[in-house]
Amino acid sequence: MRPFLLLFLLFPVLELFVFVKVSGAIGFFPALLLVILGSMLGVFVLRIAGLATALRARESLNRGELPAQTMLEGLMLALGGGLLILPGFISDVLGLLMLLPFTRRMLANKMRQRAEEQAMRQRAFADDLQPRGGPAPREPLGREPNVIEGEFEHRDPR
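All values derive from a computational prediction rather than experimental measurement.

The rules behind the values
- Residue numbering note: each chain is counted from 1, following its sequence as written.
- With the structure being a predicted model, the display of local features is reserved for residues of pLDDT at least 70 and the display and counting of side-chain atom pairs for 80 or more, all residues being used for whole-chain, interface and lining totals.
- Side-chain numbers here rest on the full set of heavy atoms in the structure, without hydrogens or water.
- Put simply, DSSP H or I for four residues or longer makes a helix, DSSP E for two residues or longer makes a strand, and each gets a number counted from the N terminus.
- Relative accessible area decides the class of each residue, using a 1.4 Å probe on protein chains only: under 20% of the type maximum gives buried, over 50% gives exposed, and in between gives partly exposed.
- Only heavy atoms matter for contacts: two residues are in contact if any of them lie within 4.5 Å across the pair.
- UniProt positions are given in the numbering used here, feature names are shortened, and annotations may be inferred rather than shown by experiment.
- Lines fitted to the C-alpha atoms define the axes, with helices restricted to the stretch that makes contact. Angles between their N-to-C directions range from 0 to 180 degrees.
- Should an angle fall under 35 degrees it is called roughly parallel, over 145 degrees roughly antiparallel, and 65 to 115 degrees roughly perpendicular, with every other angle called oblique.
- Rotating anticlockwise by less than a right angle from the far helix to the near helix defines a left-handed crossing, while the corresponding clockwise rotation defines a right-handed one.
- Polar here means any residue other than Ala, Val, Leu, Ile, Met, Phe, Trp, Tyr, Cys and Pro, which are nonpolar, and Asp, Glu, Lys and Arg, which are charged; Gly is therefore polar.
- In plain words, nonpolar cores are sets of buried Ala, Val, Leu, Ile, Met, Phe, Trp, Tyr and Cys residues tied together by side-chain atoms within 4.5 Å.
- As a per-residue quantity, pLDDT reports the predictor's confidence and falls between 0 and 100.

Caption draft 1: Main features of the overall build of the protein. Scanning the protein from terminus to terminus reveals five helices and zero strands. Counted from the first residue to the last, the protein has its helices and strands arranged as α-α-α-α-α. The burial tally for the protein puts 22% of its 158 residues in the buried class. Relative to all contacts within the protein whose residues are 6 or more apart in sequence, the contacts with residues 24 or more apart total 57%.

Caption draft 2: Spotlight on the UniProt feature "transmembrane region" (unreviewed entry) in the protein. In the numbering used here, UniProt assigns the feature "transmembrane region" (unreviewed entry) to residues 34-55 and 75-102. In residues 34-55, helix accounts for 100% and strand for 0%; the two terminal C-alpha atoms are 31 Å from one another.

Caption draft 3: View of the packing of helix H3 (residues 68-85) against helix H4 (residues 89-99). Contact geometry for H3 and H4: axes closest at 7 Å, N-to-C directions at 155°. Relative to H4, the element H3 lies roughly antiparallel. Here the hand of the crossing between H3 and H4 comes out left-handed. Along its contact with H3, which presents Met76, Leu77, Leu79, Gly80, Gly81, Leu83 and Leu84, the element H4 presents Ser91, Asp92, Leu94, Gly95, Leu96, Met98 and Leu99. Of the residues contributing to the contact of H3 with H4, the split by class is nine nonpolar, four polar and one charged.

Caption draft 4: Examining the nonpolar core more closely. Ranked by size, the top nonpolar core spans five residues in total: Val45, Ala49, Leu77, Leu84 and Leu99. When residues of this core are traced back to their parent elements, those giving at least two are helix H2 (28-62) and H3. If sequence neighbours within four positions are ignored, Leu84 has contacts with Gly38, Ser39, Leu41, Gly42, Ser91, Asp92, Gly95, Leu96 and Leu99.

Caption draft 5: Spatial organisation of the confidence of the model for the protein. When the pLDDT values of the protein are averaged, the result is 82; 86% of them are 70 or greater. Within the protein, the element-level pLDDT minimum falls on helix H5 (residues 101-129), averaging 80, and the maximum on H4, averaging 91.

Caption draft 6: Quick look at the side chain of Ser23. Along the chain, Ser23 turns up in helix H1 (residues 2-26). We classify Ser23 as buried; its relative accessible area is 15%. What Ser23 contacts, discounting residues up to four positions off in sequence, is Phe28 and Ala31.

In structure tokens:
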């Protein structure tokens, strides 16, 4: 949690430093115009990318495929657009990197691999917790017990 707090505090200072350097090189108003244009581009990308991602996901589902890669790339587009909306040149560069198709696919593949590895670790850990050959585990409170269906015949003892 501390690295995120440090990044949260340090990022605006870095953005301000870069803005001062860029405005010193090209002038204040051109630098401000670039930041505003970057934010406008981010809003445009978010509007278009959301609709395009939804349409691609629907097409994948219609073909009977899971749209995992499409959804991850859509997430990258949304993050890129969000970073473009933030004022500053560092966030704009990171946002533009996320909008480029090859970096977007690379990041989406990396995220998918990490999620699969995490799922495998959790599955392996859950398998280690299962009892081997011992008594059946009790059901947690609030859950229905296992039910075994069968037939019976009522016999009168007379």
